[in-house]
Structure formats: structure tokens, C-alpha cells
Amino acid sequence: MRFLLIIVCFLIAAPSMAHQLKSSVTTVLFNQRTHNIELMHRFYLHDTEHAVSNLFKGKVDIMSNKRDQKRFAKYVESHVALQTLSGEPLPLNYVGAQVDGKFFWVYQEAAIPDKIEGIRMSHGALRDLWPAQVNMVNVEGRGQIKTLNFSQDDTWLEAKFEPK
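Nothing here was measured: the structure is a model prediction, and the numbers come from that model.

Cut-offs and rules
- Residues numbered from 1 in each chain as written.
- Predicted model: local features only at pLDDT ≥ 70, side-chain atom pairs only at ≥ 80, totals over all residues.
- Heavy atoms only, no water.
- Phe/Tyr/Trp six-rings, centres within 6.5 Å; stacked < 30°, edge-to-face > 60°.
- Helix = DSSP H or I, 4+ residues; strand = E, 2+ residues; numbered from the N terminus.
- Buried < 20%, exposed > 50% of the residue type's maximum accessible area, 1.4 Å probe, protein only.
- Core = buried A, V, L, I, M, F, W, Y, C linked by side-chain atoms within 4.5 Å.
- Contact = heavy atoms within 4.5 Å.
- Pairing = 2+ DSSP bridges.
- Axes fitted to C-alpha atoms, helices over the stretch in contact; angles between N-to-C directions.

### Digging into the packing of aromatic side chains
Thinking step 1. Inspection of every chain in the model, using the stated rule, returns six aromatic pairs.
Thinking step 2. With centroids separated by 5.5 Å and ring planes inclined at 75 degrees, the aromatic side chains of F72 and F104 adopt a geometry described as edge-to-face. Of the two residues, F72 is situated in helix α3 (residues 66–77) and F104 in strand β5 (residues 103–111); the sequence distance between them amounts to 32 residues. Each member of the pair F72 and F104 is classed as buried.
Thinking step 3. Where W105 meets Y107, the ring centres are 6.1 Å apart and the plane angle is 5 degrees; that geometry is what we call stacked.
Thinking step 4. The buried category is assigned to W105, whose relative accessible area is 19%.
Thinking step 5. Using a relative accessible area of 22% as the deciding quantity, one classes Y107 as partly exposed.

Set out below in C-alpha cells:
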């Protein structure tokens with residue numbers, strides 16, 4: 001009976017503990033077809049709603065207001081940067097943003113430079129609001145997938161590619 005009571009307590013507490021971790025996932029895809037580096041940032045919509053209420057004054061509606069969506073996308077853009085391993089900036093262009101189910105997506109791209117051997121990346125989105133925020137980045141399309149985890153004091157991380 002005690003075991004059953006413990007299980008019931010965990011089941012009741014589980015929804016209140018759901019999504020306590022602040023996190024995002026970004027895919028950095030080296031698309032050989034388009035010759036672009038494509039960045040796809042995925043944020044939980046719940047986190048995005050809380051973020052815009054802290055970032056912007058007045059009434060905000062990330063769900064249906066395209067202006068608020070673009071404002072949040074601009075915020076993300078200002079907190080993400082790419083460089084070559086030697087420190088040469090790779091300018092990112094805004095492609096778009098959208099609400100998709102329980103996620104908010106922001107899209108960017110940059111031209112793939114010749115003879116790139118890896119990237120350096122900075123990803124501080126939402127980390128200025130929530131120090132526990134973790135931004136995981138998967139770098140794909142240049143050999144094995146590389147994963148960068150931005151947490152705590154991380155500012156720039158790098159992914160080196162295997163020689164062809």
C-alpha cells in the first residue's frame with residue numbers, strides 16, 4: 001500500500017515538474033545543395049511566451065502576432081553568431097520564424113565559405129533571462145554530427161570537421 005501511495009504522489013507531482021529545464025535545440029546544417037549554412041532554432045513555445053513578456057513592454061502575443069514573432073526572432077539573431085575557426089565572422093541572414101505546435105522556430109542562413117574546416121559559434125539566446133538555460137546545437141552535413149552545449153558561462157564553442 002505504501003508503494004502505491006508513493007507512485008500516486010509521483011504521478012501527481014510529475015506535471016508540476018514537467019518542463020522545468022529551460023532549453024533549446026538548434027540545428028546548423030551545411031546544405032551542399034543550396035551552398036548555405038542553415039540554422040534552425042527550436043524553442044519551447046512556453047519559454048518563448050515567458051521570454052517575450054520579460055523582453056518587451058506592453059501586451060505581446062507570440063502565438064498570432066507576426067510583429068511580436070519577428071521581434072523575438074530579432075532578439076535570437078542578436079544572441080547568435082558564427083565564425084570560421086580563425087575568427088572570421090560568417091554573417092547570418094534572417095529567413096523567417098514560425099509557431100509550430102508547442103515550438104517556436106527561428107531560421108537563419110549564411111553562405112558556406114570555401115575550405116571551411118570548422119565553425120565557432122556563440123548562442124546566448126534566453127541565457128540572459130535564465131542562467132540555467134541550455135542551448136544545444138547539432139552541427140550536421142560535414143561528417144559526423146557534432147554537438148555543442150551552451151550552458152553556464154559558455155560564450156564561444158567550436159566544432160572541427162574531419163578532413164575530406
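### Considerations on the nonpolar core
Thinking step 1. V28, F30, F72, I119, M121 and V139 are the most contacted members of the largest nonpolar core, which has 34 residues in total.
Thinking step 2. Of all the elements, α3 adds the most residues to this core, at four residues.
Thinking step 3. Aside from chain neighbours lying at most four places away, what touches V139 is V28, F30, I119, Q144, I145, K146, L148, A159 and F161.

### Regarding unusual backbone geometry
Note: most peptide bonds trans; most residues except glycine with negative phi.
Thinking step 1. The phi torsion at H35 lies on the positive side, around 60 degrees, for a residue other than glycine.
Thinking step 2. Mapped onto the elements, H35 comes out in the loop between β1 (23–31) and β2 (36–44).
Thinking step 3. Notably, K115 is not glycine yet its phi reads approximately 55 degrees, a positive angle.
Thinking step 4. The topology assignment puts K115 in the loop between β5 and β6 (118–123).
Thinking step 5. We classify K115 as exposed; its relative accessible area is 80%.

### Quick look at the sheet that holds β5
Thinking step 1. Taking strand neighbours across the sheet as the criterion, the six strands line up as β4-β5-β2-β1-β7-β8 in an open arrangement whose pairing is mixed. In this open sheet, the two strands that pair with only one neighbour each are β4 (93–100) and β8 (146–150). Ignoring which end each strand starts from, the neighbouring axes of this sheet average 15 degrees apart.
Thinking step 2. This element, helix α2 (residues 45–55), spans β1, β2, β4 and β5 of the sheet and lies at about 85 degrees to β2.
Thinking step 3. Sitting on the sheet, α3 is in contact with β2, β4 and β5, with an inclination near 125 degrees to β4.

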